[in-house]
Amino acid sequence: MKVTCDKCGCDMKITSSFRYQCLECKHEVEMALIQDVNKKYWAEHNKNIEWAKVKGEEVIIVK
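Residue numbers restart at each chain and count upward from 1, following the sequence in its written direction. Per-residue local features are limited, in this predicted model, to residues with pLDDT of at least 70; the limit for side-chain atom pairs, both in listing and counting, is 80 or more; totals at the level of whole chains, interfaces and linings are taken over all residues. Values shown for side chains rest on all heavy atoms present in the structure; no hydrogens or waters enter the calculation.

Caption draft 1: Just the overall build of the protein chain, in detail. Every helix listed is a DSSP run of H or I at least four residues long, and every strand listed is a run of E at least two residues long, numbered separately from the N terminus. Regarding its fold elements, the protein chain presents 1 helix and 6 strands. Ordering the α and β elements of the protein chain from the N terminus gives β-β-β-β-α-β-β. Relative to the compact-globule value of 11 Å for 63 residues, the protein chain shows a C-alpha radius of gyration of 11 Å, a close match. Taken over 63 residues, the protein chain has a buried fraction of 30%. Long-range pairs, those at least 24 residues apart, make up 29% of the contacts in the protein chain between residues at least 6 apart in sequence. As presented, the protein chain carries roughly 4300 Å² of accessible surface, and 48% of it is formed by carbon and sulfur atoms. Charged side chains of the protein chain number 11 positive and 10 negative; the gap between the two group centres comes to 3 Å. Each radius of gyration reported is based on C-alpha atoms, and the globular scaling rule is 2.2 Å times the count of residues to the power 0.38. Here the term buried applies to any residue with accessible area under 20% of the maximum for its type, exposed to any over 50%, and partly exposed to those in between, with areas from a 1.4 Å probe on protein chains only. Two residues qualify as a contact provided that any one of their heavy atoms is within 4.5 Å of a heavy atom in the partner residue. Areas reported here follow the Shrake-Rupley algorithm with a probe of radius 1.4 Å; residue values treat only the protein chains shown as occluding. Charge counting treats Lys and Arg as positive and Asp and Glu as negative, with His and both chain ends excluded. For charged residues, the charge sits on one atom: NZ in Lys, CZ in Arg, CG in Asp, CD in Glu.

Caption draft 2: Spatial organisation of the sheet that holds strand 2 (residues 13–14). Spatially, the 3 strands line up as an open sheet ordered 2-3-4, and their pairing is antiparallel. Of all strands in the sheet, those with a lone pairing partner are strand 2 and strand 4 (28–30), marking the two edges. Two strands are counted as paired when DSSP detects at least two bridges linking them. Where strand 2 and strand 3 (residues 19–21) come together, 2 bridges link them in antiparallel fashion. Looking at strand 3, one finds that isoleucine 14 is bridged to tyrosine 20. The sheet contacts of helix 1 (residues 31–45) involve strand 2, strand 3 and strand 4, and relative to strand 4 the element is tilted by about 60°. In this analysis an axis means a line fitted to C-alpha atoms, helices contributing only their contacting stretch, and an angle means the value between N-to-C directions, from 0 to 180 degrees.

Caption draft 3: Seen up close, helix 1. Expected helix span is computed as 1.5 Å times (number of residues minus one). Taking 1.5 Å as the rise per residue, helix 1 with 15 residues should run 21 Å; its terminal C-alpha atoms sit 21 Å apart, in good agreement. Residues of helix 1 that are buried include every one of Met31, Ile34, Val37, Asn38 and Tyr41, and no others. Looking straight down helix 1, one finds that the buried residues subtend no more than 125° of arc, so they occupy a single side. In this structure, helix 1 carries Lys39, Lys40 and Ala43 as exposed residues pointing more than 90 degrees from its buried face. What the arc describes is the spread of directions from the helix axis to the C-beta atoms.

Note that all results are geometric; they support no functional claim without further evidence.
In C-alpha cells, the structure reads:
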C-alpha cells in the first residue's frame, strides 16, 4: 500500500516502531490507524486500499 504525506506530498516509509513516517517533514502516523481504515475498506469492497494520504491523524483513501 502506498501511503503519502499530505503536508509535503512525499511517500511515507515504515519505521521499526510500527509507524509510517515522512522522511521530508518527519510527520508520523501509527500503522495501526492505517490498518483499521483498511479493515473497514476491505469489509465494504473486498480489497485492500491501494493508496492512502495521511492528513494529521486522518487517513484519506485515494484509490
